[in-house]
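Chain by chain, the residues run as shown.
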Amino acid sequence: MTRVAALINQKGGVGKTTTAVNLAAGVAELGRRVLLIDLDPQAHSTLHLGVDPASVDRSVYDVLLEDPRETDPATAIVRTRERLGLLAAETDLAAIESELAGVPDRSTRLSRAIEPLKSEYEFIFVDCPPSLGLLTLNALAMVREVVVPMQAHYLALQGMGKLLETVTLIGRGVNPRLRVTGVVLCQHEETTKLSKEVVADMEAFFKGSREKDVPWKGARVMRPAIRRNVKLAECPSFGKTIFEYAPQCPGALDYLALARGFVEEWDRLLAKRADPGPADAAPEVVVKPGAAAESRR
Ligand code: ADP
Ligand code: MG
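Within every chain, residues take consecutive numbers counted from 1 along the sequence as written. As a convention, the first chain written is A and the first ligand written is 1, with the rest following in written order. Local features in a predicted model are, by the rule used here, given only for residues with pLDDT of at least 70; side-chain atom pairs are given and counted only at 80 or more, and totals for whole chains, interfaces and linings are based on all residues. To obtain the side-chain values, all non-hydrogen atoms of the structure were used and water was disregarded.

**Student:** Can you walk me through the overall build of the protein chain in this structure?
**Tutor:** Regarding its fold elements, the protein chain presents twelve helices and eight strands. C-alpha atoms define the radius of gyration in this analysis, and the globule rule sets the expected value at 2.2 Å times the number of residues to the power 0.38. Expected size for 297 residues packed as a compact globule is a radius of gyration near 19 Å; at 18 Å, the protein chain falls within 12% of this value. In terms of its C-alpha atoms, the protein chain occupies a principal-axis envelope of roughly 50 × 45 × 40 Å. We call a residue buried when its accessible area falls under 20% of the maximum for its residue type, exposed when it is over 50%, and partly exposed in between, using a 1.4 Å probe and counting protein chains only. Relative to its full complement of 297 residues, the protein chain shows a buried share of 53%. Throughout, a contact is declared for two residues whenever any of their heavy atoms are within 4.5 Å. Of the contacts made within the protein chain by residues no fewer than 6 positions apart, 77% connect residues no fewer than 24 positions apart. Note on areas: these come from Shrake-Rupley sampling with a 1.4 Å probe, and a residue is covered only by the protein chains present in the view. Per element, the accessible surface of the protein chain, about 13400 Å² overall, is 53% carbon and sulfur. Neither His nor the chain ends is counted toward charge; the positive residues are Lys and Arg and the negative residues Asp and Glu. To locate a charge, take NZ of a lysine, CZ of an arginine, CG of an aspartate or CD of a glutamate. Averaging the coordinates of the 38 positive side-chain charges in the protein chain and doing the same for the 39 negative ones gives two points 7 Å apart. Each helix corresponds to a stretch of at least 4 residues labelled H or I by DSSP, and each strand to a stretch of at least 2 residues labelled E; elements are numbered beginning at the N terminus.

**Student:** Is there a simple way to think about the sheet that holds strand β6 (residues 145–150) in this case?
**Tutor:** Pairing between the strands of a sheet is mediated by backbone hydrogen bonds and can be parallel or antiparallel. Two strands make a pair as long as DSSP finds a minimum of two bridges between them. If you trace the eight strands from one edge of the open sheet to the other, you get β3-β4-β2-β5-β1-β6-β7-β8, paired in mixed fashion. The open sheet has two free edges, formed respectively by β3 (78–81) and β8 (220–221), since each of these has just one partner strand. For β6 and strand β7 (residues 179–185), the ladder comprises six bridges, and the chain directions are parallel. Paired with P149 across the bridge in β7 is V184. Running over the sheet, helix α6 (residues 134–142) touches β1 (3–7), β2 (34–38), β5 (123–127) and β6 and is turned about 160 degrees from β5. Fitted lines through C-alpha atoms serve as axes, helices being fitted only where they are in contact, and the angles separating the N-to-C directions of these axes extend from 0 to 180 degrees.

**Student:** Sorry if this is basic, but what is going on with the pattern of salt bridges here?
**Tutor:** A side chain of one charge can pair with a side chain of the opposite charge if their charged atoms are brought near each other. A carboxyl oxygen of Asp or Glu within 4 Å of a side-chain nitrogen of Lys or Arg is what we treat as a salt bridge. One pass over the full model with this rule turns up 18 salt bridges. Here R32 and E122 are joined by a salt bridge, their closest N and O atoms 3.7 Å apart. Of this pair, R32 sits in the loop between α1 (16–29) and β2 while E122 sits in the loop between α5 (109–114) and β5; the two residues are 90 residues apart in sequence, bridging distant segments of the chain. Take R32: its relative accessible area is 19%, and that puts it in the buried class. Linking E265 and R220 is a salt bridge whose minimum nitrogen-to-oxygen distance equals 2.9 Å.

**Student:** Looking at this structure, how should I read the site of ligand 1?
**Tutor:** Ligand 1 sits among 14 residues. The nearest are G13, K16, T17, T18 and N229. Any N or O atom pair separated by 3.5 Å or less is treated as a polar contact, with the protein-specific requirement of one donor-capable and one acceptor-capable atom, and with residues adjacent in sequence counted only for side-chain atom pairs. Here an oxygen atom of ligand 1 and a side-chain polar atom of T18 are 2.5 Å apart. Within the side chain of Q187, a nitrogen or oxygen atom sits 2.9 Å from an oxygen atom of ligand 1. Protein coverage of the free-state accessible area of ligand 1, which is 560 Å², stands at 80%. Counting residues per element, the shell around ligand 1 draws most heavily on α1, at three residues. In these notes, residues near a molecule or strand are those with any non-hydrogen atom within 4 Å of it.

**Student:** I tried to follow the environment of L93 on my own but got confused; where do I start?
**Tutor:** Checked against the element boundaries, L93 lands in the loop between β4 (84–87) and α4 (96–99). With a relative accessible area of 0%, L93 lands in the buried category. The spatial distance from the C-alpha of L93 to the C-alpha of A43 is 9.1 Å, given a sequence separation of 50 residues. Dropping the residues within four chain positions of it, L93 is found in contact with D38, L39, D40, P41, V60, Y61, L64 and L135.

**Student:** Honestly, the packing of α6 against helix α7 (residues 156–172) in this entry has me stumped. Any pointers?
**Tutor:** Relative placement of two packed helices is described by the angle separating their axes and the distance separating the axes. Between α6 and α7, the shortest axis-to-axis distance is 10 Å and the interhelical angle comes to 55 degrees. When the interaxial angle is binned, α6 and α7 end up oblique. α6 and α7 meet at a crossing whose hand is right-handed. Residues L137, L140 and A141 of α6 form the contact with α7, whose participating residues are T166, V167 and I170. For this scheme, ten residues count as nonpolar: Ala, Val, Leu, Ile, Met, Phe, Trp, Tyr, Cys and Pro. Four count as charged, namely Asp, Glu, Lys and Arg, and the remainder, Gly too, count as polar. Taken together, the residues that form the contact of α6 with α7 break down as five nonpolar, one polar and no charged. Geometric relationships in this document are graded by angle, where less than 35 degrees denotes roughly parallel, more than 145 denotes roughly antiparallel, 65 to 115 denotes roughly perpendicular, and other angles denote oblique. Should the near helix be turned anticlockwise from the far one by less than a right angle, the crossing is left-handed, and should it be turned clockwise, the crossing is right-handed.

In structure tokens, the structure reads:
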């Protein structure tokens, strides 16, 4: 069983890449086997992990175009760290929309390619471009979960409508198991009045969806929020994860605590599955107040 999640928000600069890389690295730090798929033509995740997109032999671009029966997608994965594999991006990826135009299975090609690789990894994360175009549709068709990185600004919530609509469409079509896990608050300043109000609004929105038959019925504001921390903005230019660059900084502690919550929630769910309780329970709402403090020890 593999936990497969995409970091999606059609807005740029909200923290998708920072979260994809450091959540993936955090889960790997905790001893789990992780694959990160960089689906953004800007290749920021690839660069963040210190991999030069131009030097990559085969990228996710090739994997999307190849027939997995002829060319093994596993051989495109770059082993960047112990337990952390990368399916890299390259700038050619920007042309994929036109290259796959008219191809009937164009939105499920990633899903088809990755399916046989799942058994190799316990966690797969997908970093998406800032749009709801074909690349993001491929992510939505392959993952079970959508995680939405965002900042607690008033306008942040406006963009959610279009994203949730797209998730609903994919859920009614190729991927009925698709769920929104929740929101990760990035560059968070929890003491401002504005951010408190926006977080309260988000929580009220998700609470109001609990009884509805929608893919975000189990969604929540995930904890801990990731504090604004300049070290997180510095480390990509060194090709390092936050755990390599500044393992004691607030950004590292926050991402490690987020990763720990993510892993523990999954372990609990698998234990529940093994011991047949209520069928197919969605991940429970877990707010671990001590998580951030615990990781500081
Ligand atoms: P996206 O992938 O959604 O476009 P990024 O993850 O690239 O967003 O983040 C946008 C910018 O904000 C980057 O320069 C990144 O380093 C910076 N950033 C992200 N999260 C934080 C944070 N918690 N504190 C400080 N800077 C951050
Ligand atoms: Mg990005």
